[in-house]
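# Observations on the three-dimensional arrangement
Here is how the chains run, residue by residue.
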Amino acid sequence: MSQSINVTIWNEYRHEKTNEKVASVYPQGMHAAIAEGLDVDGKVTVATLDDPEHGLTEEVLNGTDVLIWWGHMAHGEVRDEIVERVHQRVLRGMGLIVLHSGHFSKIFKKLMGTSCDLKWREADEKERIWVVNPGHPIADGIGEYIELPKEEMYGEHFDIPQPDELVMVSWFEGGEVFRSGCCYTRGMGKIFYFRPGHETYPTYYNPQVRKVISNAVKWAAPVDRDYPRYGNAKPLETIKEKQQ
């Protein structure tokens, strides 16, 4: 029986409102395309930057097993107290999938502890996303590579900590390479960064990209166990008095 996973898709939802080219690609918003492509049993909720509390209330997050995050032009508008709220939920087991330009989001940088900076270029380049860890659950059902005819280039060096597991690496027509599928654990929460998804390209309609995101949601879903206890602890056994 498939595990029921409650997913919240958070999208900044600004480009689609202000850029006609982006609106023509994603008329209902990128969050709608991502939701449409999810092959996961459970409830799917969407939230955006301009919703009250950015749509990430305590109630929403407490009911979220995996949070998907897309942001770009308004990272600075995300309130710090909401970032801290998401951070605490990740530490307590909520999965987090960070997409494309979400590498510069406050929450990803907080979890990574680095600048998360990189090289970039918009030149309609071909991207091949090579699977370098074919036995990983996120690569399930994906061939040797995913080929996208046009995408924004991200290039190394990508200023992130060494991934716990590296699943995919991208090659671009201009010659750059990039660690494009990176897994981390922070506290009890699992995090997956997935590179493709520039707003002017129809990347989130690609069946293999959708498959990767669906696989990542299943991989990042929380395990069923209590949160660890910290602080002063009573002994489990009787401690014998030591001879002086």
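Relevant structure appears above.
Here we summarise the structure given alongside this text. What you see is a predicted model; the values in this text were computed from it and never measured.

### A short note on the overall build of the protein chain
Helix and strand counts for the protein chain stand at seven helices and nine strands. The principal-axis extents of the C-alpha atoms in the protein chain amount to approximately 75 × 40 × 40 Å. Counting all 244 residues of the protein chain, 49% fall into the buried class. Contacts spanning at least 24 positions in sequence make up 72% of the contacts within the protein chain whose residues lie at least 6 apart. For the protein chain, the centre of its 28 positive side-chain charges and the centre of its 37 negative side-chain charges are spaced 5 Å apart.

### A closer look at the pattern of salt bridges
Taken as a whole and assessed by the stated rule, the structure comprises 16 salt bridges. In this structure, the salt-bridge partner of Arg-128 is Glu-147, at a minimum N-O distance of 2.8 Å. Of this pair, Arg-128 sits in strand β5 (residues 119-131) while Glu-147 sits in strand β6 (residues 145-155), and the two are 19 residues apart along the sequence. A residue is classified by how much of its surface remains accessible, and Glu-147, at 33% relative accessible area, is partly exposed. Residues joined by salt bridges that share partners form a network here, namely Arg-14, Lys-17, Asp-50 and Glu-77.

### A look at the environment of Ser-101
For Ser-101, the position within the fold is in the loop between β4 (95-99) and α6 (106-112). Here Ser-101 falls in the buried class, since its relative accessible area comes to 2%. When the C-alpha positions of Ser-101 and Gly-71 are compared, they lie 6.1 Å apart, and in sequence the two are 30 residues distant. With residues near it in sequence (within four places) discarded, Ser-101 still touches Trp-70, Gly-71, His-72, His-75 and Tyr-154.

### Overview of the sheet that holds strand β3 (residues 66-70)
For sheets, the rule is that strands pair by backbone hydrogen bonds, running either parallel or antiparallel. Taken together, the nine strands give an open sheet; going across it, the order is β2-β1-β3-β4-β9-β8-β7-β5-β6, and neighbouring strands pair in mixed fashion. With one partner strand each, in any of the chains shown, β2 (44-48) and β6 form the two edges of the open sheet. Strand-to-strand twist across the sheet, computed as the mean angle between neighbouring axes with direction ignored, equals 25°. As defined by bridge partners, β5 adjoins strand β7 (residues 165-172) across five bridges and the pair is classed as antiparallel. Bridge assignment links Trp-130 to a residue of β7, and that residue is Val-169. Those strands touched by helix α3 (residues 30-37) are β1 (7-11), β2, β3 and β4, and its axis lies near 155° from that of β1.

Quick notes on the rules
Residues numbered from 1 in each chain as written. Predicted model: local features only at pLDDT ≥ 70, side-chain atom pairs only at ≥ 80, totals over all residues. Heavy atoms only, no water. Helix = DSSP H or I, 4+ residues; strand = E, 2+ residues; numbered from the N terminus. Buried < 20%, exposed > 50% of the residue type's maximum accessible area, 1.4 Å probe, protein only. Contact = heavy atoms within 4.5 Å. Lys, Arg positive; Asp, Glu negative; His and termini not counted. Charge placed at Lys NZ, Arg CZ, Asp CG, Glu CD. Salt bridge = Lys/Arg side-chain N within 4 Å of Asp/Glu carboxyl O. Pairing = 2+ DSSP bridges. Axes fitted to C-alpha atoms, helices over the stretch in contact; angles between N-to-C directions.

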